[in-house]
Amino acid sequence: MPHSQHPRIAVIADAHFHDPYADYGFAGIVQGGGRVTFRLLADTARSTRVFNESYFALHHALDGLAESGIRHVVLLGDYSDDGQVETVKAVKKVLDGYAARYGMRFYATVGNHDIFGAAGRHRAKRFMNEDGSYSVVSSDPQVRDRGARSIVGSDRMYCQGYPDGLDAVGDFGFFPRPGDLHWETPFGKDGDPSARLYDVHSPDGKTTRSLMDASYLVEPFPGVWLLMIDANVFVPVDGVVPGEAGDLADSTSAGWNAMLTHKRFVFDWMKDVSARARRSGKSLLAFSHYPVLDPLDGTTDEEVSLLGRTGMSERIPVAAVAEALIEAGIDIHFSGHLHVNDTAQYRHGSRFLVNVAMPSLVAFPGAYKVITIGERHLDIETVGIEDMPLNPELRQTYDREIVPSGLDAGGMLDASDYGGFLFEHLGHLVGRRFLKREWPKDMAALVRSVDLADLAALALMDKPVALDDAVGATAAARNDRVLQGRLVARLKSAGARPELLRDISAMDFLADWYRLRMGSDLALDWITEERMALYRAVGRLYAVVDLADANAAQARFALIFRMFEKSLSGLPSGNFRIDRMTGAISAGDAMANAWLERLGGS
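Keep in mind it's a predicted model, so treat the numbers as computed, not measured. Note that residues are indexed from 1 along each chain, following the sequence as it is written. Selection of residues for local features in this predicted model requires a pLDDT of at least 70, selection of side-chain atom pairs for listing and counting requires 80 or more, and totals for whole chains, interfaces and linings are taken over all residues. Excluded from the side-chain calculation are hydrogens and water; included are all heavy atoms of the structure.

*Asks:* Can you break down the overall build of the protein residue by residue, with the values?
*Replies:* Helix and strand assignments come from DSSP, with helices taken as H or I runs of at least 4 residues and strands as E runs of at least 2, each series counted from the N terminus. Assigned secondary structure in the protein consists of 18 helices and 21 strands. For a compact globule of 602 residues, the expected C-alpha radius of gyration is about 25 Å, and the protein comes in at 25 Å, within 12% of that figure. For the protein, the spread of C-alpha atoms along the three principal axes comes to 75 × 60 × 55 Å. The buried share of the protein, reckoned over its 602 residues, is 60%. The contacts of the protein with a sequence gap of at least 6 include a subset with a gap of at least 24, amounting to 72%. Element-wise, carbon and sulfur atoms account for 50% of the exposed surface of the protein, whose accessible area totals about 23200 Å². In this tally Asp and Glu are treated as negative and Lys and Arg as positive; neither His nor the chain ends contributes. A single reference atom marks each charge: NZ on Lys, CZ on Arg, CG on Asp, CD on Glu. Distance between charge centroids for the protein: 1 Å, based on 64 positive and 80 negative side chains. Just to be clear, the radius of gyration here is over C-alpha atoms, and the globule rule we use is 2.2 Å times residues to the power 0.38. To sort residues, take the accessible area from a 1.4 Å probe on protein chains only and compare it with the maximum for the residue type: under 20% means buried, over 50% means exposed, and anything in between is partly exposed. Every residue pair with non-hydrogen atoms within 4.5 Å of one another is taken to be in contact. All accessible-area figures derive from a Shrake-Rupley calculation using a 1.4 Å probe, and residue coverage is judged against the displayed protein chains alone.

Below you can see the structure in the form of C-alpha cells.
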C-alpha cells in the first residue's frame, strides 16, 4: 500500500477508565433513574488523575475518532482504572461497541495499573453513599477504614495478573486475530501464554520466577508494523516466598530502566524486527506504556536539586535506554505513564530516537494524538477533548458529598467544561498534593506567602536570603523605594507591566508552572500571553542570580524559573512533523503537512 494511502492511527494513553454504571458488588446510589457507583471528589482532589469523568472522556474521544473516520486505535496502557476485574470487563464492553458500530480495531499494551505480576493483587476503592458518606469496596476482606460507613468485600475489585488479566482484552492485539496481516511475539508466532514466558531473578539471585511477557508485533494494514512492547517489569523481592503478599516489586518506577536488566530479550527481538522492517520496506512504529527518554525537557537534574528524588524523577529513563533502543534500530517511540504531553529526542552520531510522550485523557491538558504516515515523514496531530460537556449527574453527586464533608474543591466545580475542570484540578493539586508531599516545608511556606512581585524583588536583593527569612525580606522590600525603582525599570525594559505582578500569587505561578510542565505547547492555550510575558520577565531576573549559595531562596527560585524556561523552549509537541530520514522535528499544521505529502509536495 502506498504511504499516501495508509489509514491514520490514533493513540490514546492513560484512559484510566472507571465505569460508574458497572456492578462492583456495591449498591451505589440512585441517580437519574438508575444506580451508579461514583468515586469521591475528595479522591480526585488529591490524585494526579480524575476518576468519574474518565467514563465520559473515553467515549468522547472515541466518538471524535469515529466522526473523523479513524478506525485504528492504539491504547498505550492504563486503559483501566486500576485493573479491577469489573473495570477491565467494562473497557472490553466499550471497545467492542465501537468495533461493532464503526469497524474500529484496537491495539493495546499494558500499563502498571492494568495488571500485576503472576497472581495479581487486591484493590480497594471508596464509593459514595446516598448521604454523601462513603463505603470501601475491596477484594481484600481484611481491609479497614475507620471513616467508612461500611466495608464491602467483592472479588470484582481484584486486579489480575498474567495471563488472566489479558483474557478480557485479548481481542485488542495481545493474541492473534483474523485480519492481522502479520503477528508475532519475542518468542515466535505462538500466542499461547505458555509460549511467552521469561525468567526474572531477584536482586540477590536467590529467587527466579517465570512470568509472561505480553509484547507483540502486528501488521494491521499493508506496509505498517506496530511494535507493542510490554514494559512492565515485576522483579522478585529478596527474601519473600513466591505467592506471599509483596513477592514482586511494583513496576511503576521500573519501566525501561528495569528492562535493561530483566528483559534483554526484548531488545534483541526489537533489533531483529527493525532489520526485517527495513529490508521489507515496512514503516515501524514502537509503543509502550513507559517513556524511553526524559519527557520533562531535561529538567530532572534541577528537580532533584530542588526537591530531592520525587516519584516523577524516579521514573525518568537513563541515557543507556536510549542507546539500547538506537542500537536496536528504533527511531520513533510513543509512551504514556507520566500524563505528560512532550516530544523528546536523543542523538547518537547520525542516528536518533524520538519519544512522543502522550497526555492522558484524565489529567490536564486532556488529549490524544493522531498519526499520519507519509513517505518519509510522520505527521502528529494532537486533539484536545477540552470541549467535552461536564455530566450534570456528576455535579449533583459532588454536591451531596461536599455539603456534609465541607470539601474544598478549589475551582473545579466552577468549570463550565471538561478542559476547565482539568485546568482547575491541576491547579488545586499544587496546594493539596505537590507542596505537601514533594516540596521542602520552608519552600512550601514561602510559596504560600508571597506574590510574583515579591519573587521579582527577591531576585534583585544583593545578598543571599535564607528561606526562613525570605517572607520577612520580601515584606520589607515592598517599602524599599530604591529596590522597587530598580525592579520597575528592569521589568519595563523587558516589556512587562510591573503593576500586574501583585495580582499574581506565587501559588498562581506555581500552578501555571505545573501546567506548562505537564502540557508543554498545549498549556499555552490556557495561560494568557500577558501572564506568560510577566513570568518570563521575572525569569530573566533570576537568570543572572548567583547560584553559589544553593540553599538561598534566590538560588531555589532560579532553579524553578530555569525549569519553566526549559519547558517553554522544548521541541514542538502539539501538531508537528518528524522527518524519519534526518530526525528533524518541525512545528506546524499536521493535517496540512499530511495533505501536501499526499499531493507529492515536501
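That shown, we press on.
*Asks:* Kindly report on the environment of glutamate 401, identifying the contributing residues and their values.
*Replies:* If you trace the backbone, glutamate 401 turns up in helix 9 (residues 392–405). When its relative accessible area of 3% is taken as the criterion, glutamate 401 is described as buried. C-alpha separation for the pair glutamate 401 and aspartate 131, spaced 270 residues apart in sequence, amounts to 7.5 Å. Discounting residues that sit within four places of it in the chain, glutamate 401 has contacts with Leu40, Leu41, Ala42, Met128, Gly132 and Leu407. Polar contacts, as counted here, are pairs of nitrogen or oxygen atoms within 3.5 Å of one another; within protein the pair requires one atom able to donate a hydrogen and one able to accept it, and residues that are adjacent in sequence qualify only if both atoms are side-chain atoms. Here the side chain of glutamate 401 touches alanine 42 through a polar contact of 3.0 Å, landing on its backbone nitrogen.

*Asks:* Lay out helix 5 (residues 264–280) in plain terms, naming residues and giving numbers.
*Replies:* Every α-helical turn comprises 3.6 residues, leaving residues that sit three or four positions apart pointing alike. Expected helix span is given by 1.5 Å per residue-to-residue step, counting one fewer step than there are residues. Helix length check: helix 5, at 17 residues, gives a terminal C-alpha distance of 25 Å against a target of 24 Å (1.5 Å per residue), a fit within 8%. Residues of helix 5 that are buried: Val266, Phe267, Trp269, Met270, Val273, Ser274, Ala275 and Ala277. Looking at the buried side of helix 5, the elements it contacts are strand 9 (182–184), strand 12 (216–221), strand 13 (224–229), helix 4 (255–262), strand 14 (283–288) and helix 8 (319–327). Note on helix 5: the residue one or two positions beyond its end, glycine 281, has a positive phi of about 75°.

*Asks:* Outline the packing of aromatic side chains, listing residues and values.
*Replies:* Here a ring pair, both rings aromatic, is described through the centre-centre distance and the interplanar angle of the planes. Classification of ring pairs rests on two measures: the distance between centres of Phe, Tyr or Trp rings, Trp counted by its six-membered ring, which must be within 6.5 Å, and the angle between planes, read as stacked under 30 degrees, edge-to-face over 60 and tilted in between. Using the criterion set out here, one finds 27 aromatic pairs in the structure. Pairing tryptophan 183 with tyrosine 216 gives two aromatic rings, centres 6.2 Å apart and planes at 20°, and the pair type is stacked. Taken together, the positions of tryptophan 183 in strand 9 and tyrosine 216 in strand 12 put the pair 33 residues apart, joining distant regions of the chain. On the basis of an interplanar angle of 20° and a centroid distance of 5.1 Å, the ring pair of phenylalanine 287 and phenylalanine 334 is categorised as stacked. Of this pair, phenylalanine 287 sits in strand 14 while phenylalanine 334 sits in strand 15 (residues 332–335); the two residues are 47 residues apart in sequence, bridging distant segments of the chain. An aromatic cluster is defined as three or more aromatic residues linked by ring pairs; in this entry it consists of Phe509, Tyr535, Tyr542, Phe557, Phe561 and Phe564. Between the NZ or CZ atom of arginine 39 and the centre of the ring of phenylalanine 51, over which it lies, the distance is 3.9 Å. Counting as a charge over the ring demands two things of the Lys NZ or Arg CZ atom: a distance within 6 Å of the ring centre and an angle within 35 degrees of the ring normal. Note that arginine 515 overlies the ring of phenylalanine 423, its terminal NZ or CZ placed 3.5 Å from the centroid.

*Asks:* Provide a residue-level description of the sheet that holds strand 21 (residues 585–587), including the pertinent values.
*Replies:* Whether two strands pair comes down to DSSP finding at least two bridges between them. An order of 5-4-1-18-19-20-21 is seen for the seven strands of this open sheet, with the pairing classed as mixed. Lying at the two open borders of the sheet, with one neighbouring strand each, are strand 5 (105–109) and strand 21. For this sheet, the mean angle separating the axes of adjacent strands, direction not counted, is 25°. For strand 19 (residues 377–384) and strand 20 (residues 576–579), the ladder comprises four bridges, and the chain directions are antiparallel. Counterpart to leucine 378 in the pairing with strand 20 is isoleucine 578. All axes here are fitted lines through C-alpha atoms, helices being fitted over the stretch that makes contact, and every angle between N-to-C directions spans 0 to 180 degrees.

*Asks:* Can you explain the packing of helix 12 (residues 452–460) against helix 14 (residues 481–493)? Please cite residues and give values.
*Replies:* For the pair helix 12 and helix 14, interaxial distance at closest approach is 10 Å and the crossing angle is 105°. Accordingly, the angle class assigned to the pair helix 12 and helix 14 is roughly perpendicular. Contacts between helix 12 and helix 14 involve Ala453, Ala456, Ala457 and Leu460 from the first element and Leu483, Gln484, Arg486, Leu487 and Arg490 from the second. An angle counts as roughly parallel when it lies under 35 degrees, as roughly antiparallel when it exceeds 145, as roughly perpendicular when it falls between 65 and 115, and as oblique in every other case.

*Asks:* Can you lay out the pattern of salt bridges for me, pointing to particular residues and giving the numbers?
*Replies:* By salt bridge we mean one thing: a side-chain nitrogen of Lys or Arg within 4 Å of a carboxyl oxygen of Asp or Glu. In total, this model carries 39 salt bridges according to the counting rule given. A salt bridge links aspartate 23 to arginine 156; its shortest N-O distance comes to 2.6 Å. Of this pair, aspartate 23 sits in the loop between strand 1 (9–12) and strand 2 (29–31) while arginine 156 sits in the loop between strand 8 (151–153) and strand 9; the two residues are 133 residues apart in sequence, bridging distant segments of the chain. Take aspartate 23: its relative accessible area is 41%, and that puts it in the partly exposed class. One salt bridge in this structure joins lysine 92 and aspartate 171, with 3.5 Å as the shortest N-O distance.

*Asks:* Talk me through the sheet that holds strand 17 (residues 351–357); I want residue IDs and the actual numbers.
*Replies:* Here seven strands make up an open sheet; going across it, the order is 9-12-13-14-15-17-16 and the pairing mixed. Lying at the two open borders of the sheet, with one neighbouring strand each, are strand 9 and strand 16 (342–348). Strand-to-strand twist across the sheet, computed as the mean angle between neighbouring axes with direction ignored, equals 20°. Note: strand 12 against strand 13, four bridges, orientation antiparallel. By the bridge assignment for strand 13, phenylalanine 221 is matched with valine 224.

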